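Residues per chain, in single letters:
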Amino acid sequence: MKAKSIILPLAAITLSACGGPAPEITIRTISPAGAPTLAFYDQGSNENFVTNSTPSNVLAELQTNYYNAVVFDSINALKSIKNNDLDFKLAKLITGGNFYLASINKNEGEMPTADDVVVSFGENLIPDLVYRKLSEYWEIENTPYYVPSVSEALGVLKTGVYASNPVDFVFIAQPALNIALNDATAATYGNVKVVKNIRSEWQEYTGQSAIPQAGLFVRASHYELNPTVFENYVDEMVARIDVAIDTPATAKAALDAYGDAQAQAAKFGFNSNIMLTTQSDGANGFGLVRGTEEVDVNEFLETLGLETFADSYFLGL
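All of these numbers come straight from a predicted model, not from anything done at the bench.

Peer 1: So what exactly am I meant to see when it comes to the overall build of the protein here?
Peer 2: Helix and strand content of the protein: 13 helices and 12 strands. A compact globule built from 317 residues should have a C-alpha radius of gyration of about 20 Å, and the protein, at 20 Å, falls within 12% of that. For the protein, the spread of C-alpha atoms along the principal axes amounts to about 70 × 45 × 30 Å. Partitioning the contacts of the protein with sequence separation of at least 6, the portion at a separation of at least 24 is 76%. Here the protein displays about 14100 Å² of accessible surface, and carbon together with sulfur accounts for 47% of that area. Distance between charge centroids for the protein: 2 Å, based on 19 positive and 37 negative side chains.

This is the structure:
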């Protein structure tokens, strides 16, 4: 999403002009467990920051009145907001592509052929469409088999089996990839190699800096009442993103302060050790998007030949 000048909504200007103070607003946030929660690494004990392991439950909250900040897959949320005329706008992208192609029992750098079994997730969803577009770029002729979710792709990567057949390649996201790489009990332990960083490949192919993945959506009517509180909230989140990229050990300390590895995984979808391994040495395996990065959602959608969205769906923070 390209950076835009912030223009205060009419409602906020009117409140200011009347001399009345902006109303106090408590920001209540819900997010799917997983990579985007790293942007909230020190919010584990905050009762107003809730995670849910079932993404559809989070998406449904766009249509309720309780949460005024919702983290979700940016494209699917934008579609839901448009189709249902919902009171939310995209304020900031959080993750910009943490997808990888991994091989099992293959040589270094070996790519899929027509005879290989490739397993991917979420048929016809954004990650799958990106992978198929890049497959054309790589000149790969192979039709993947699909599982519904990243967690099931993780199961395939750890067992090396899909529908009782040996698997050669798995399209997967972080931190699931590193969970598999570091699980000594997995049948494939020691035999999994990272073949492609999808975000890097997409940038090489298109010149776009990222893949619009998870984003923070805020309730537009609440933003209009007190834009400053939401702008500060986004600024704090952006600062945490920078820390998680540049000094992930700081984020690890905050996760460890929240609870043990089991509690961390229940709240965030990963534990601090997996996070540190994925983020160390500037790797940014979680694919976090800095506040200074420009990501044009519509340019990305145009590349895939998909519907774009009017500026009114973006806050421009």
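After that view of the structure, there is still more to cover.
Peer 1: It is not clear to me how helix 12 (residues 272-279) should be interpreted in this structure. Could you clarify?
Peer 2: An α-helical segment advances 3.6 residues per turn. Residues three or four places apart therefore align on the same side. Along helix 12, the residues that are buried comprise Ser272, Ile274, Met275, Thr278 and Gln279. Taken end-on, helix 12 shows its buried residues confined to a sector of 160°, consistent with a single buried face. For helix 12, the N-terminal cap is Asn271; the gap from its side-chain oxygen to the backbone nitrogen of Asn273 is 3.0 Å. Downstream of helix 12 by one or two residues, Asp281 has phi in the positive range, about 60°.

Peer 1: Can you help me understand the sheet that holds strand 3 (residues 69-73) in this one?
Peer 2: What holds strands together in a sheet is hydrogen bonding between their backbones, with the strands either parallel or antiparallel. Sheet architecture is open: five strands sit in the order 2-1-3-12-4, paired in mixed fashion. Strands with a single pairing partner mark the edges of an open sheet, and in this sheet they are strand 2 (49-52) and strand 4 (88-93). The sheet shows a mean angle of 30° between the axes of neighbouring strands, taken without regard to direction. Pairing analysis gives two bridges linking strand 1 (residues 29-32) to strand 3, with the strands arranged parallel. Across the sheet, the residue bridging to Thr29 is Ala69, located in strand 3. Lying on the sheet, helix 3 (residues 74-84) is in contact with strand 3, strand 4 and strand 12 (214-219); it crosses strand 3 at an angle near 120°.

Peer 1: Could you clarify how one ought to interpret the pattern of salt bridges in this entry?
Peer 2: Opposite charge on two side chains permits pairing when their charged atoms draw close. Applying the stated criterion across every chain yields a total of 12 salt bridges. In this structure, Lys82 and Glu307 form a salt bridge, with 2.4 Å as the shortest nitrogen-oxygen distance. One end of the pair, Lys82, is in helix 3; the other, Glu307, is in the segment after helix 13 (297-303), with 225 residues separating them in the sequence. Look at Lys82 and you get partly exposed, because its relative accessible area is 34%. Overall, the relative accessible area of 44% leaves Glu307 in the partly exposed class. A salt bridge links Asp242 to Arg290; the shortest N-O distance between them is 3.2 Å. Residue Asp242 is found in helix 9 (residues 227-246), and its partner Arg290 is found in the loop between helix 12 and helix 13; the two are separated by 48 residues along the sequence.

Peer 1: Explanation requested: the packing of aromatic side chains in the structure shown.
Peer 2: The geometry of an aromatic ring pair is captured by the separation of the ring centres together with the interplanar angle, meaning the angle of the planes. Per the counting criterion, the structure on display carries 17 aromatic pairs. With 4.9 Å between their ring centres and 40° between their planes, Tyr137 and Tyr205 make a pair best called tilted. One end of the pair, Tyr137, is in helix 4 (residues 126-138); the other, Tyr205, is in helix 7 (residues 198-206), and 68 residues separate them in sequence. Put simply, the rings of Phe99, Phe121, Tyr131, Trp138 and Phe171 pair up and form one aromatic cluster. Positioned above the aromatic ring of Tyr66, the side-chain terminus of Arg28 is 4.5 Å from the ring centre.

Peer 1: What is the right way to look at the pairing of strand 6 (residues 118-121) in this model?
Peer 2: The side chains of a regular strand alternate, first on one face of the sheet and then on the other. With burial as the criterion, each face of strand 6 is covered, one bearing Val118 and Ser120 and the other bearing Val119 and Phe121. For the handedness criterion, the β-α-β arrangement of strand 6, helix 4 and strand 7 (residues 145-147) is classed as right-handed.

Peer 1: It is not clear to me how the sheet that holds strand 5 (residues 99-104) should be interpreted in this structure. Could you clarify?
Peer 2: Reading across from one edge, 7-6-10-5-11 is the order of the five strands in this open sheet, with mixed pairing throughout. Strands with a single pairing partner mark the edges of an open sheet, and in this sheet they are strand 7 and strand 11 (192-197). For this sheet, the mean angle separating the axes of adjacent strands, direction not counted, is 30°. Note that strand 5 and strand 11 share five bridges and pair antiparallel. Opposite Ala102, over in strand 11, you have Val194 as the bridge partner. Contacting strand 5, strand 6, strand 7, strand 10 (169-173) and strand 11, helix 5 (residues 150-159) runs over the sheet at an angle of about 140° to strand 10. In this fold helix 7 packs onto strand 5, strand 10 and strand 11, with an angle of close to 25° to the strand it touches most, strand 11.

The rules behind the values
- Residues numbered from 1 in each chain as written.
- Predicted model: local features only at pLDDT ≥ 70, side-chain atom pairs only at ≥ 80, totals over all residues.
- Heavy atoms only, no water.
- Helix = DSSP H or I, 4+ residues; strand = E, 2+ residues; numbered from the N terminus.
- Rg over C-alpha atoms; globule rule 2.2 N^0.38 Å.
- Contact = heavy atoms within 4.5 Å.
- Areas by Shrake-Rupley, 256 points an atom, 1.4 Å probe, with all protein chains shown as cover.
- Lys, Arg positive; Asp, Glu negative; His and termini not counted.
- Charge placed at Lys NZ, Arg CZ, Asp CG, Glu CD.
- Buried < 20%, exposed > 50% of the residue type's maximum accessible area, 1.4 Å probe, protein only.
- Arc of directions from axis to C-beta.
- Polar contact = N/O pair within 3.5 Å; in protein donor to acceptor, adjacent residues only side chain to side chain.
- Pairing = 2+ DSSP bridges.
- Axes fitted to C-alpha atoms, helices over the stretch in contact; angles between N-to-C directions.
- Salt bridge = Lys/Arg side-chain N within 4 Å of Asp/Glu carboxyl O.
- Phe/Tyr/Trp six-rings, centres within 6.5 Å; stacked < 30°, edge-to-face > 60°.
- Lys NZ or Arg CZ within 6 Å of the ring centre and 35° of its normal.
- Right-handed = clockwise from strand over helix to strand, strands pointing away.

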